[in-house]
Amino acid sequence: MSAIDEVKQRTDIVEVVSQYASLKKAGRNLTALCPFHSEKHPSFFVYPEQQSWHCFGACSTGGDVFSFVMRKEGIDFGEALRLLAQRAGVTLPSRTEREGEKEEREELYRINEAAALYFNNLLLNSPAAEKARSYVTSREFSPQTITDFQLGFSLDSWEALKQYLREKGHSEGTLLTAGLLIEAENGKTHDRFRGKLMFPIRDIKGRTIGFGARALDDSLPKYTNSPQTPTFDKSSNLYGIDLAAASIRRQDAAIIMEGYMDVITAHQNGVTNVVASMGTAVTETQVNILKRLSKNLMLALDADAAGEEAMLRGVGYENTLDAEVRVILLPKGKDPDDVIKEDVNIWQDLAARAVPIVDYTFNIVTSKLDLTTVKNQSLAVEKLGPIVIEIKDQVRKAHYIQELARLTKKDKRTIEAALSLIKPPPVRRRMPEPEPRAVTRALRQLVSSPLEADCLALLLQHPELEISREDLPPEYFINSENHEIFVNWQQVNDLSLLRERLDASLHEHLDSLMNKCLPSNNVEQRYIDYTRRLRERFLKNRAAKISEMLVLEAESENSDTDRTRLEEEGLEISVQLRDVDAHRNRKRPEMRR
Ligand SMILES: [Zn+2]
C-alpha cells in the first residue's frame, strides 16, 4: 500500500475538519459555517461515508481531506501529505530517499555544467586544442556560436577531467554516475571523453544533462554520447531544444535534423527553429516535447537507409501530434548543413515546399518497384498497407487507400480487403500491474475510484488525446492524487515534465497509472465514454447532496435565501443528467480529433 493510502486510511476527515470548524450533526452528515468564506448560515458539509467535503455557498467546491488541508493551510499536496502523515503517525519512508534522488540529480547538473565550462575553456585557450580549433574554424562557426552552444574540447588524457572535478569536491562514484568516467576491468576509472570536440547537451530548461563528442581524427565511432544517466536519456531529449524552443513557438514550426553540426549551422544562419534527434529514429517522447511548442513538425533527415526507416515511422509521429508531418527534401548527397551554408534562401525554399511524410513514403517505396507486374503491386500493398492502416484521420486514410488503388491499378474494395487482413502492430508493451498487497489491519475503508484512475491512465498513456475543459473539468476528479496529476498533466502534457512537477510522493501513483493495463483499441471512444461516466457520477453526486441539503433546510427555521438557488441548481442538474442519459448508448456521429 502506498504511503498516501496509509495516511488516508488512518485519517478521518471529520476529525481533521473539526479542528478548523465547529461541525454539527445533519442527518448522516455534518455541517458547519464554511471555514473558507464568511456566512451566516451553514452551507459547508462533511460526508463521513465518502470522506469528502463540499461548500454549497460562495465556494461551490469540495474535495477530500487532502484538498481541505491544502486549501485551509495554503500548502501544496506534498506538504499536506506530510502534515497529515505526521498527524496520523505514518512515517513516509520514501521521502528522504526521493529527496536524495533529487539532490543527486541536482549534483549531476552541477557536474555537467562544470565539465562543460571546463571543456569550453580548453577549446578557447588550451594549446592542446589547436586541432579542435582549426576544425571549428573549418566549419565556419563564429565565436558567438561557440559560446551559444558552449562547444568544448576534452584533453587527450586519462584523468584530466577526473582530477579537475575531484578537486571541486565531487566523488569518483558521482562522476561515474554522471557518465563522465568509465570504470575499467581492474576497477580503475578514467575520463570517458578524450581528445574530442565536445557538445554539451541541454534540456529545455537549459540544464546541462550530458555530452555529445566528435572524434577529431579518423577513429571510430565518429560520434559518441554520454551513456544513460539519471539526467540523460538520449531518446527523450533533443539537441538544441533550449535555444530553439522560443523560435519554434514563435514560428509555429519545428524542424528535426540529424546531427549536432546541422543544428549549429542552422542556428548560426538564422534558422533557429531547429533541433536534432540524437539517434537515427525520432522517438515518441521527442515528438511530445515538440508538440507542446508547435504541431507543425518537419523532418530534414538524410535520405539514406536510416533516414528511410525513420520515414516509415512518420505516421506514428502524426498520430502522436494529431497533425501531418512533413519532410524537407534535400538535393541528392547533401546535408541540411551544406544547403544552409551555401544559401539560406534555397533552404527556406525547400522548407516551404516540404511534402507530407506519407506522400514521401509512397514515393520512395513505389519508385523502387516496377508496378506493371502483379508481384510488385502486391509488394507495394504489403509495404504501404501497414502505414495506411495506421493513419487515424479517416479522410486522409481514405485518400491514401485511393492512392494505393490507383498505383496498383486495383479497385478500392480490393485494397480495403487486403488492408483488413493486416494486423496492426501491438501498441506498447506494458508492465503487468503489481499484485496488491493484502491489507492486514482493519482500518478505514479507502474510498477509491477505479473510474477516475482508468480515465487518467488512458490520458497519460495517450498524450495525443486532447482534453477540453468543457468535457473534463478538474472537479470530476475527487481523489486528490488523481486531481493533482490531472491538473498538472493538462499544463505540461509531457511525462518527464509531469514527473518533475509532481511531489515525489505522487510518483508511485503516477507509475501505477502509467503501467495500468488498458485495452489498446478504440482509444477515443473510450475517452468519450469515461468522460460521460465521470460527468454522470459528478452530477448524481451533486444532485444527491443538494436534495439532502434541501431536506435539512426545510426542517430548520433558518432563512431560506439559498433555497431558490439550490432548487434551480437541482433542476439544472436533472436536465444535464437527462442529456448524459441521451448520450449513453449513442456514439457521437463524429470522433473528436
Ligand atoms: Zn464556502
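Rules of the game
- Residues numbered from 1 in each chain as written.
- Predicted model: local features only at pLDDT ≥ 70, side-chain atom pairs only at ≥ 80, totals over all residues.
- Heavy atoms only, no water.
- Buried < 20%, exposed > 50% of the residue type's maximum accessible area, 1.4 Å probe, protein only.
- Helix = DSSP H or I, 4+ residues; strand = E, 2+ residues; numbered from the N terminus.
- Pairing = 2+ DSSP bridges.
- Expected span 1.5 Å × (residues − 1).
- Contact = heavy atoms within 4.5 Å.
- Polar contact = N/O pair within 3.5 Å; in protein donor to acceptor, adjacent residues only side chain to side chain.
- Phe/Tyr/Trp six-rings, centres within 6.5 Å; stacked < 30°, edge-to-face > 60°.
- Lys NZ or Arg CZ within 6 Å of the ring centre and 35° of its normal.
- Axes fitted to C-alpha atoms, helices over the stretch in contact; angles between N-to-C directions.
- Parallel < 35°, antiparallel > 145°, perpendicular 65-115°, else oblique.
- Left-handed = near helix turned anticlockwise from the far one by under 90°.

A. Seen up close, the pairing of strand S9 (residues 196–202). For S9, the buried fraction is high: 7 of the 7 residues fall into the buried class. By the alternation rule, side chains of S9 split into Lys-196, Met-198, Pro-200 and Arg-202 and Leu-197, Phe-199 and Ile-201, which are all buried. Where S9 lies against strand S10 (residues 208–215), 7 bridges are found, and the strand directions are antiparallel. Directly across from Pro-200, in S10, lies its bridge partner Phe-211. Linking two consecutive strands that pair antiparallel, namely S9 and S10, is a turn of 5 residues; a positive phi of about 85° is found at Gly-206 within it.

B. Quick look at helix H19 (residues 394–408). Given a rise of 1.5 Å per residue, 15 residues ought to cover 21 Å, and the 21 Å separating the end C-alpha atoms of H19 matches this to within 8%. Looking only at H19, the buried set comprises Arg-396, Lys-397, Tyr-400, Ile-401, Leu-404, Ala-405, Leu-407 and Thr-408. Against the buried residues of H19 lie helix H14 (314–321), strand S16 (355–356), helix H17 (357–366), helix H18 (374–390) and helix H20 (412–420). The N-terminus of H19 is capped by Asp-393, whose side-chain oxygen sits 3.0 Å from the backbone nitrogen of Val-395. Directly beyond the C-terminal end of H19, a positive phi value near 55° is found at Lys-409.

C. Fine view of the environment of Thr-174. Its location among the elements puts Thr-174 in helix H9 (residues 172–177). For Thr-174 and Glu-107, which are 67 residues apart along the polypeptide, the C-alpha to C-alpha distance reads 8.4 Å. Setting aside residues no more than four positions away along its own chain, Thr-174 makes contact with Glu-107, Leu-108 and Ile-111.

D. How the structure looks around the side chain of Arg-542. Among the secondary structure elements, Arg-542 is positioned in helix H25 (residues 523–555). Setting aside residues no more than four positions away along its own chain, Arg-542 makes contact with His-54, Ser-60, Glu-569 and Ile-573.

E. Spotlight on the packing of aromatic side chains. In total, this model carries 23 aromatic pairs according to the counting rule given. Measuring from centroid to centroid gives 5.8 Å for Phe-45 and Phe-56, while their planes differ by 85°, and the two rings are edge-to-face. Remark: Phe-56 occurs in the loop between strand S4 (52–55) and strand S5 (61–64) and Phe-45 occurs in strand S3 (residues 44–47); sequence separation between them is 11 residues. Each member of the pair, Phe-45 as well as Phe-56, carries the same accessibility label: buried. Geometrically, the ring pair formed by Tyr-239 and Tyr-260 is edge-to-face, given 4.7 Å between the ring centres and 85° between the ring planes. Taken as a pair, Tyr-239 in the loop between strand S11 (223–225) and helix H10 (241–251) and Tyr-260 in helix H11 (residues 260–268) lie far apart in primary sequence, 21 residues in all. We classify Tyr-260 as buried; its relative accessible area is 8%. Of note, Arg-71 hangs over the ring of Phe-36, and the distance from its end group to the ring centre comes to 5.0 Å.

F. Quick look at the packing of H19 against H20. Interhelical geometry of H19 versus H20 gives an angle of 110° and a closest axis separation of 9 Å. Put simply, H19 runs roughly perpendicular to H20. Where H19 crosses over H20, the two elements pack in a sense that is right-handed. Here Ile-401, Gln-402, Leu-404, Ala-405 and Thr-408 of H19 come into contact with H20, specifically with Lys-412, Ile-415, Glu-416 and Leu-419.

G. Up close: unusual backbone geometry. The omega angle of the peptide bond from Leu-220 to Pro-221 is -5°, so this bond is cis rather than trans. Secondary-structure assignment places Pro-221 in the loop between S10 and S11. Residue Gln-51 is not a glycine yet carries a positive backbone phi of 50°. Considering the arrangement of structural elements, one finds Gln-51 in the loop between S3 and S4. Owing to a relative accessible area of 10%, Gln-51 belongs among the buried residues under this scheme.

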